[in-house]
Each structure stands twice: as structure tokens, then as C-alpha cells.
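Single-letter residue listing:
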Amino acid sequence: ALGTVICTELFNNGYMDKETFALDVAYGQEIRKEKPMVYVGYRFLADPVVSIMRKSPLFTKIISIPALCWADNMAGRRNIIGKIISVCGESVCGLVGVIVSALSREVNE
């Protein structure tokens, strides 16, 4: 797996260039390895977003605005919106990942 789902969908729909997408894939794989709870939370939150993106070009266009700000920031093209999304998003995804993993363990015990 690439470690990315929202940016993959944006790339597949022509919203993201190859260079930024390659950096995004590398970042996603690093997060999977170094911060697995962030990745778990990201997938829990992002998978439903991508399902809607696949059904709605308008929703995809709307999601592209913050997602591309984040991607530009991640790729070294610093911007305040991307930085805020990065810091807040990683924290939220990490928290969601811990909760989802804990609940999953409880269900499986």
C-alpha cells in the first residue's frame, strides 16, 4: 500500500503533479513505519472521505483545497494553512488511531 489515500485520489483525478505525489507517497510510507497510530487514525478518517470523493467531483474539488495546501507544505513549499493542517491533522489522526486500536482490541478480546 502507498500509505496515502486522499492524495492518491487527487492525483488520479489530475489535481496533484507527479513530483508532489511521489513525495506524498514517501511521506505516507514513513508515517506508516514511524507513527503507526497516526496512520491508523488517518485511514479511519480518510477512507470514508475518499468514498465520497469517488462519487462527487464537487466534493473532490472542495477537499483538494486544504489537501493541496497540506501537500505543498509537506513537499517543502511552506504555507501557513498546510502547516496548521499538518500539525493538527497528525495530532487528531494519532488520537483517533489510539482510540480505534484500543476499541479494536477490546472487541477482539
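Conventions and cut-offs
- Residues numbered from 1 in each chain as written.
- Predicted model: local features only at pLDDT ≥ 70, side-chain atom pairs only at ≥ 80, totals over all residues.
- Heavy atoms only, no water.
- Axes fitted to C-alpha atoms, helices over the stretch in contact; angles between N-to-C directions.
- Helix = DSSP H or I, 4+ residues; strand = E, 2+ residues; numbered from the N terminus.
- Parallel < 35°, antiparallel > 145°, perpendicular 65-115°, else oblique.
- Contact = heavy atoms within 4.5 Å.
- Nonpolar A, V, L, I, M, F, W, Y, C, P; charged D, E, K, R; others polar.
- Salt bridge = Lys/Arg side-chain N within 4 Å of Asp/Glu carboxyl O.
- Buried < 20%, exposed > 50% of the residue type's maximum accessible area, 1.4 Å probe, protein only.
- Disulfide = S-S within 2.5 Å.

Visitor: Hey, could you go over the packing of helix α2 (residues 18-34) against helix α3 (residues 36-55) for me, with residue numbers and the actual values?
Guide: Here α2 crosses α3 at 120 degrees, and the two axes come no closer than 5 Å. Compared by their axis directions, α2 and α3 come out oblique. Side by side, α2 and α3 meet where I31, R32, K33 and E34 of the first sit next to P36, V38 and Y39 of the second. Of the residues that constitute the contact of α2 with α3, the class distribution is 4 nonpolar, no polar and 3 charged.

Visitor: Before we move on, can you summarise the packing of α2 against helix α4 (residues 57-74) with the specific residues and values?
Guide: α4 packs onto α2 with a crossing angle of 80 degrees between their chain directions and a minimal axis gap of 10 Å. On the basis of the axis angle, α2 is roughly perpendicular to α4. On α4, the residues touching T20, L23, D24 and Y27 of α2 are W70, A71 and M74. The class makeup of the residues in the contact of α2 with α4 is 5 nonpolar, 1 polar and 1 charged.

Visitor: Quick one: what's the story with the pattern of salt bridges, residue by residue and with numbers?
Guide: With the rule as written, the count across this model stands at 4 salt bridges. Residue E9 is joined to R54 by a salt bridge in which the shortest nitrogen-to-oxygen separation is 3.1 Å. One end of the pair, E9, is in helix α1 (residues 6-12); the other, R54, is in helix α3, and 45 residues separate them in sequence. Residue class for E9 comes out buried when judged on its relative accessible area of 9%.

Visitor: Requested: an account of the state of the cysteines, with residues and values cited.
Guide: Following the criterion strictly, the structure yields 0 disulfides and no others. Here C7 stays unpaired: no disulfide links it, and the sulfur of C69, its closest cysteine neighbor, is 11 Å away.

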